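Listed here are the chains, written in short residue letters.
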Amino acid sequence: MTDRKGVEVAIRLDDPVVLNVEFEVRTSELVALVGPSGGGKSTILRVIAGFAKPTEGKISIGAQSWFDSQQNLFVQPRHRRVGMVFQSYALFPHLSAFENVLEAITDRPAADRIELANEYLARVNLKGLGERLPEQMSGGQRQRVAVARALAREPHVLLLDEPFSAVDKVTRIRLQRELVDLRSDLSIPIILVTHDIEEAARLADRIAVLHEGRILQMASHEKLSKAPVNIDVARLVGIRNIFNSQVATIDSEQDRLELRWGSSSLEMPFQDGYTPGQAVTWCVPSDGIVVHRRNRPSRGEHENPVFGIVNEVFHFGQTTELTIEVDDPDAHPLHCSVPTHVAERNEIDVGADLGVSIKADMIHIMGSTDA
Amino acid sequence: MDWSAFNLSLQLALYTVLLLLPLAVLTARWLVTLPPRRKAIIEALLTIPLILPPTVMGFFLLVSMNDAHAIGRIWRSLFDESLVFSFEGLLVASIIVNIPFAVQPALRAFEGIGNDMREAAATCGMSQWRSFRRIEFPLAWPGILTGAVLSFAHTLGEFGVVLMVGGNIPGETRTISIAIYDQVQSFDNASAALMSGVLLAISVLAISITFLLTRKTLIRIRA
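Keep in mind the model is a prediction, meaning the values are calculated, not measured. Residue numbers run consecutively from 1 along every chain, following the written order of its sequence. As they are written, the chains are lettered A onward and the ligands numbered 1 onward, keeping that order. A pLDDT threshold of at least 70 governs which residues receive local features in this predicted model, and a stricter bar of 80 or more applies before side-chain atom pairs are shown or counted, although totals over entire chains, interfaces and linings include all residues. Side-chain figures throughout are based on the complete set of non-hydrogen atoms in the structure, without hydrogens or water.

A.B. asks: Help me out: how do you make sense of the domain arrangement of chain A in this one?
C.D. replies: Interfaces are often sized by the amount of accessible area the parts lose when they come together. Residues and elements named next belong to chain A. Looking at chain A, the domain boundaries give domain 1 (7-236) and domain 2 (243-368). Taking the mean C-alpha position of each, domain 1 and domain 2 sit 39 Å from one another. Contacts between residues were defined by any pair of non-hydrogen atoms, one from each residue, lying within 4.5 Å. The interface is formed by 8 residues belonging to domain 1 together with 6 residues belonging to domain 2. Taken over both partners, the interface formed by domain 1 and domain 2 buries close to 500 Å², and the fraction arising from carbon and sulfur atoms is 68%. Contact with domain 2 buries surface across domain 1, with K226, P228 and I231 losing the most and accounting together for 59% of the total. A 3.5 Å cut-off defines polar contacts: any pair of N or O atoms within that distance qualifies, except that in protein one atom must be a possible hydrogen donor and the other a possible acceptor, and neighbouring residues in sequence count only when both atoms are side-chain atoms. The interface formed by domain 1 and domain 2 holds 1 residue pair in polar contact (both at pLDDT 80 or more) in total. Looking at the side of domain 1 that touches domain 2, the elements that each hand over two or more residues are α7 (221-226) and α8 (231-236). Domain borders in the structure are assigned automatically or taken from a domain database. Buried surface area refers to the total accessible area, computed with a probe of radius 1.4 Å, that the two partners give up upon joining, counted for both partners together. For the purposes of this entry, the term helix denotes a DSSP run of H or I that reaches at least four residues, the term strand denotes a run of E that reaches at least two, and both are numbered from the N terminus.

Put into C-alpha cells, the structure is as follows:
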C-alpha cells in the first residue's frame, strides 16, 4: 500500500502503442518518465488522465480507483481531478489567462472562484497579466498559465507533458526553478514526461526509463548512472563506456571482484550473481575515469591503471572530451573528460600516450553475456 | 423586378439556414469524434448532394417526396397536403442539397480545434456540453458562419433542384433564379440583368461580411 494519496498504475495497453507498466508515485514525489520517443511516455499520462483506455489493469489514487478492468470501472476524465500541462499548453485561445484558470475551478461559489483564480495566477508570477489573451503572452508566460490552470483544478495528481520543450534555454531554467519552488507547497504526486535526461536529473526524485512500452528501470538519477540495469539505460543516462569482459576472481568476504579486460585486470567491489570465467558486460561513467598527470605520478594511479593512446580530442569550452584507444577485445575506445586547462597543461593531444585510472567503485556489471 | 420571387428566395434561404445550421453543427461535432474510417464514409455520403447534378438530385427528391413514397406519405398524414410543388417541399429539398455546404466548413473548423483543446476542457472538469458551449463553439464559429453564408448564397442561386421539386408557381415556388430564367426566355433582359445584379450584390456582401467577421478570430486561433 502506498502512502495516503500516491498514484498506483498497473496497466497493459495494446493500442495506440503497446504499453505494459507498473509503478507508483508517492505523495509529493516527482517522477520523470524518460526514454526515446514512441516509447509510450505521453501515453502513460493520457491513460492516467483517462484519454486512453488500457486493455487491462488498474489505476488508483489513494483509496480512489479511476480504472479497474476487473470491476469494469472507468472514471471519465472530467471526474478524475487531474492537473495536466500539455506539451502545446492547450490554452483556450479566446479566453484570457484569468478565464483560462477560472474554467478549472469548479464546485466553489462565484466570488471564491474569482479570488482563487487570481491567487493561482499570482502563484505562478502572473499577477496583473490576467486580462491578457494567450496570443499576447510569451512562451514562458503561457506555460505559467497552463501550470496555474492545472493547479486550479485542485488535482490529485499533476501530469506534465514535456512542459519545457517549447521555450528557450534561459526561460526553461527559470521555469524549472519555479516548478521546484511550487513543489514545496504541493502534496500530490507529480509525473513529468521529458526526453531530456538532464532535466529529469535536475527535477525528479526518481526517473523511470521507458523503452518500447516497458519500464526498464526506475530509480534516482544517481542510481541510474551508477548502476544501470542494461545497455539501453546506460546509453540513455549518457554512459558511453560499455565493455565486454570476463570475471576473473570473486571474493565476497573481501568485497572484491576482478575483471579480466584485454591485458588489464580491473578490481571492483563484489557484485552478487557472477562466477569466475563468466562473460559480462560492464560500464563506467566518464567521471569514473581519472586521467594520470604526466611526469608526476600520484597515489590514485594505483587504482585500476589502464594505458592507451589518445585518439580524439574535443574542446567544448571549459571541458575537453577525450577518446582513448585501449586494449579492448572489441576495440571500443574509452571516453572521458577533463577540464580544458588540464588537457592543455598536460599537453594531451591526438597520438599522445596516456594513463588513466578507472575508479573501482564506479564500475558496474550490467549482466552476463553468456547464453 | 419580380419582388415576389425575390421575397420567396430570401425566405427560402433564411429558413434553410435557420433549420440546417443546428443540424450541421451537431453533425460536424459528432463526426470529429468518430474513428477516421467511419468518419470518411459518412463524410462521403453527406457530400453526395455536391457531386450529383442538380437535376438528378432534384429528380430523386421529387420522387421520394411524392405521396407514393414514405416522406411524402408522412407529410400528407401530418399536414394533409402534398410536399412536392409547395414551399415546404422546396425547403426540405433545399436543406438536403445544402448539407455539404453547411457541414464541411463546420467540420473543418471543429477539426482545427485539435484534440488537446477538448482534452484540456475535460481535465478542467467541463461536461461535453460546457466544453462545446465555452470552448468549441466560440473557436469553431468562423467555420460555422462560413457554412451559413455559403448555404444562404447557394439557396438564393439554386435552380435545378428548385425547378424539379417546386416547379414554377408564382408566389409559392418561383424563386429569383427561376424568375431570371423566365425573363430571359421572354427576352426581358433588362429585368433579368437587374435581378442578377441584386443576386450578385447579395453574394458579394455576404462573403465580405463573413471574411471580415472571421478574420480576427482566425488570426487569434492561429496565434
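A.B. asks: Help me understand the pairing of strand β12 (residues 241-251) of chain A in this model?
C.D. replies: Successive side chains on a regular strand alternate, one facing one side of the sheet and the next facing the other. All names here are of chain A. The pairing criterion for strands is at least two bridges between them, as found by DSSP. In terms of strand pairing, β12 meets strand β15 (residues 279-284) through 6 bridges, oriented antiparallel. Paired with N241 across the two strands is V284, which belongs to β15. Relative to strand β13 (residues 256-261), β12 runs antiparallel, the two being bridged by 5 bridges. For V247, the partnering residue across the bridge sits in β13 and is L259.

A.B. asks: Even after reading the chapter, I still don't get the side chain of S357 of chain A, so can you show me in this structure?
C.D. replies: Here S357 of chain A shows up in strand β20 (residues 353-358). Within polar-contact distance, the side chain of S357 of chain A engages the side chain of H292 of chain A at 2.8 Å.

A.B. asks: Just checking my understanding: could you explain the interface of chain A and chain B for this structure?
C.D. replies: With 23 residues of chain A in contact, the opposing surface of chain B contributes 18 residues. The salt bridge definition used is simple: a Lys or Arg side-chain nitrogen within 4 Å of an Asp or Glu carboxyl oxygen. Between the two partners, chain A and chain B, sit 3 salt bridges. The partner of E103 of chain A in a salt bridge is R130 of chain B, with the nearest N and O atoms 2.9 Å apart. Here chain A is connected to chain B by 6 residue pairs in polar contact (both at pLDDT 80 or more). Mapped onto the side of chain A that touches chain B, the elements with two or more residues apiece are β7 (82-85), α2 (97-103) and α4 (139-152) of chain A. Following the grouping adopted for this structure description, the nonpolar residues are Ala, Val, Leu, Ile, Met, Phe, Trp, Tyr, Cys and Pro, the charged ones are Asp, Glu, Lys and Arg, and the polar ones are all others, Gly among them. Here the side of chain A that touches chain B is composed, by residue class, of 12 nonpolar, 3 polar and 8 charged.

A.B. asks: In this structure, what is going on with a nonpolar patch on the surface? I would like to understand it.
C.D. replies: Residues and elements named next belong to chain B. Patch membership needs two things, relative accessible area over 30% and no salt bridge, and members are linked within 9 Å if like-charged or within 5 Å if nonpolar (Val, Leu, Ile, Met, Phe, Trp, Tyr). Areas reported as accessible are Shrake-Rupley estimates using a 1.4 Å probe. Residue values count occlusion only from the protein chains shown. Where nonpolar side chains cluster on the molecular surface, the patch consists of L14, Y15, L18 and L19 and spans about 400 Å² of accessible area. As for its position among the elements, L14 is in helix α1 (residues 3-32). A relative accessible area of 48% places L14 in the partly exposed class. Exposure classes here rest on a 1.4 Å probe applied to the protein chains alone. A residue is buried below 20% of its type maximum, exposed above 50%, and partly exposed in between.

A.B. asks: Where do I start with the pairing of β7 of chain A in this structure?
C.D. replies: Residue and element names in this part refer to chain A. Along β7, one buried face is formed by V82 and M84 and the opposite face, lined by G83 and V85, is buried too. Two strands pair when backbone bridges link them, and β7 and strand β8 (residues 157-161) are joined in this way by 4 bridges, in the parallel orientation. If you follow M84 over to β8, its bridge partner there is L159.

A.B. asks: When you look at helix α1 (residues 41-49) of chain A in this model, what are you seeing that I'm missing?
C.D. replies: Within α1 of chain A, 7 of the 9 residues are buried, which leaves it mostly tucked inside the rest of the structure. Restricting attention to buried positions, one finds in α1 of chain A the residues K41, T43, I44, L45, V47, I48 and A49 of chain A.

A.B. asks: Sorry if this is basic, but what is going on with the pattern of salt bridges here?
C.D. replies: Note that side chains of opposite charge can pair when their charged atoms are close. Residue and element names in this part refer to chain B. One pass over the structure, following the stated rule, counts 22 salt bridges over all chains. In this structure, D2 engages R174 in a salt bridge whose closest nitrogen and oxygen atoms are separated by 3.4 Å. Here D2 is found in the segment before α1, whereas its partner R174 is found in the loop between α8 (160-166) and α9 (176-185), with 172 residues between them in sequence. For the pair formed by D2 and R174, the shared burial category is buried. Linked by salt bridges that have partners in common, K39, E43, R108 and E111 make up one network.

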